[in-house]
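Single-letter residue listing:
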Amino acid sequence: MNPYRHRHRSVFRVLLRLPALALLITAAACSSADDSASAAVPSPDAKIEKMCRNLDKVLPAKVDGERREDPEPESALTAGWGSPAIILRCGVPQPPKMVDPKVADGRDPDAVAGGVNGVDWLMEEQDDGGYRFTSANREVYVEVTVPEGVDRSGALIDLASAVKKAIPKGIA
């Protein structure tokens with residue numbers, strides 16, 4: 001047996017495997033976890049959708065110092081800032097706690113009504129430590145979720161001007 005012929009076959013086999021290895025590495029890199037946020041897109045009627053589209057046009061580029069990075073799927077009814085993301089959804093249904101007498105009386109430990117810079121909000125603490133805020137006394141319900149550890153008041157202060165500009169006062 002010729003030892004050079006055996007070595008030649010081994011080198012040849014290794015060379016054939018290199019493209020497969022490169023393909024495997026490339027596929028793994030492309031399939032890495034995506035850090036982008038996702039949000040369910042509301043499905044309001046046409047009048048509400050028009051106001052939500054107007055809101056989308058006036059939303060700030062930054063909220064609580066974080067740059068706007070909209071969630072998936074892309075929609076004018078949703079917006080996001082930062083990671084973990086502060087998520088805004090426009091045209092959501094009225095949350096049940098908004099009409100709960102315990103909230104109005106201040107007897108619900110997980111939900112509080114209040115206002116920030118001229119926009120009234122229902123604040124609900126979530127199981128994951130974050131908060132969900134839903135605008136009140138406006139013609140459209142706007143929901144803002146703020147993850148645990150993010151300045152809630154900063155987010156609402158930054159969003160108040162846009163909500164006041166695009167969503168008129170009234171009853172949704």
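Residues numbered from 1 in each chain as written. Predicted model: local features only at pLDDT ≥ 70, side-chain atom pairs only at ≥ 80, totals over all residues. Heavy atoms only, no water.

So, about the pairing of strand β8 (residues 142-146). Summarising burial for β8: four of the five residues are buried, a large majority. Across four bridges, the pairing between strand β4 (residues 86-90) and β8 is antiparallel. Bridge pairing in β8 places Arg89 opposite Glu143. In the sheet, strand β7 (residues 131-136) pairs with β8 via four bridges, with the strands oriented antiparallel. (Buried < 20%, exposed > 50% of the residue type's maximum accessible area, 1.4 Å probe, protein only. Helix = DSSP H or I, 4+ residues; strand = E, 2+ residues; numbered from the N terminus. Pairing = 2+ DSSP bridges.)

Read from one edge to the other, the open sheet built from six strands follows the order β3-β4-β8-β7-β6-β5, with strand pairing classed as antiparallel. The open sheet terminates on both sides in strands that have one partner only, identified here as β3 (78-81) and β5 (111-116). Across the sheet, the axes of successive neighbouring strands diverge by a mean angle of 20 degrees, strand direction being ignored. Pairing between β5 and strand β6 (residues 119-125): six bridges, direction antiparallel. Bridge pairing links Ala111 to Glu124 in β6. (Axes fitted to C-alpha atoms, helices over the stretch in contact; angles between N-to-C directions.)

Moving on, we get to the confidence of the model for the chain. Counting all residues, the mean pLDDT for the chain is 85, and 80% of those residues have values of 70 or more. Counting contacts from residues 7-34, a segment whose pLDDT is below 50, to residues more than four positions away or on other chains yields zero contacts. (pLDDT = per-residue confidence, 0-100. Contact = heavy atoms within 4.5 Å.)

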